[in-house]
Amino acid sequence: MVVNAEPRCKELGVVEGVGGNPDSAKADALERAAERGATHARLEPAHPDLEDGMTIVVTAKLFVCQPPGEQFPPDGYR
């Protein structure tokens, strides 16, 4: 799920998506986020790669949030 503000969840880190346009860079970032197991991602605005100027980059900060209604700690965990 793409969010506008950082959720109060466990932070997983950051990934960069790259592409020829902002939409493909965003899709690449979200695919990389899913591969890392993120449930939420906060995307930065797309910008050109500083090295080549042709590739578009989108940075995503990743989070893992518990599903609604899930209890923490789980039953039996002590």
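Since the model is a prediction, treat every value here as computed from it, not as a measurement.

What counts, and at which threshold
Residues numbered from 1 in each chain as written. Predicted model: local features only at pLDDT ≥ 70, side-chain atom pairs only at ≥ 80, totals over all residues. Heavy atoms only, no water. Helix = DSSP H or I, 4+ residues; strand = E, 2+ residues; numbered from the N terminus. Contact = heavy atoms within 4.5 Å. Core = buried A, V, L, I, M, F, W, Y, C linked by side-chain atoms within 4.5 Å. Buried < 20%, exposed > 50% of the residue type's maximum accessible area, 1.4 Å probe, protein only. Disulfide = S-S within 2.5 Å. Salt bridge = Lys/Arg side-chain N within 4 Å of Asp/Glu carboxyl O.

A. Broad picture of the overall build of the chain. Helix and strand counts for the chain stand at one helix and five strands. From first element to last, N terminus to C terminus, the chain shows the α and β order β-β-α-β-β-β. Partitioning the intrachain contacts of the chain with sequence separation of at least 6 by distance along the chain shows that 61% fall at a separation of at least 24.

B. Spotlight on the nonpolar core. The biggest cluster of nonpolar side chains holds ten residues, and these are V15, A25, A29, A33, A38, A41, I56, V58, A60 and L62. If near-sequence neighbours (up to four positions away) are discounted, A38 is found in contact with L12, A33, L62, F63 and V64.

C. Just the state of the cysteines, in detail. Evaluation of the coordinates by the stated rule reveals one disulfide. Covalently, C9 is tied to C65 through a disulfide, its sulfur atoms 1.9 Å apart. Note on the C9 and C65 pair: the S-S dihedral is about 105°, so by sign convention the disulfide is right-handed. Here C9, found in the loop between β1 (2-3) and β2 (10-19), pairs with C65, found in the segment after β5 (56-64); they are 56 residues apart in sequence, far enough to count as distant.

D. Examining the pattern of salt bridges more closely. Throughout the structure, instances matching the rule amount to four salt bridges. E6 is the salt-bridge partner of K61, the closest N and O atoms lying 2.9 Å from each other. Taken together, the residues K61 in strand β5 and E6 in the loop between β1 and β2 connect sequence positions 55 residues apart. Looking at E6, the relative accessible area reads 41%, which means it is partly exposed. Of the charged contacts, one joins E44 and R42 as a salt bridge, the two residues approaching to 2.9 Å between their closest N and O atoms. Owing to a relative accessible area of 36%, E44 belongs among the partly exposed residues under this scheme. For R42, a relative accessible area of 25% translates into the label partly exposed. Here the salt bridges do not stand alone but share partners, grouping E6, E11 and K61 into one network.

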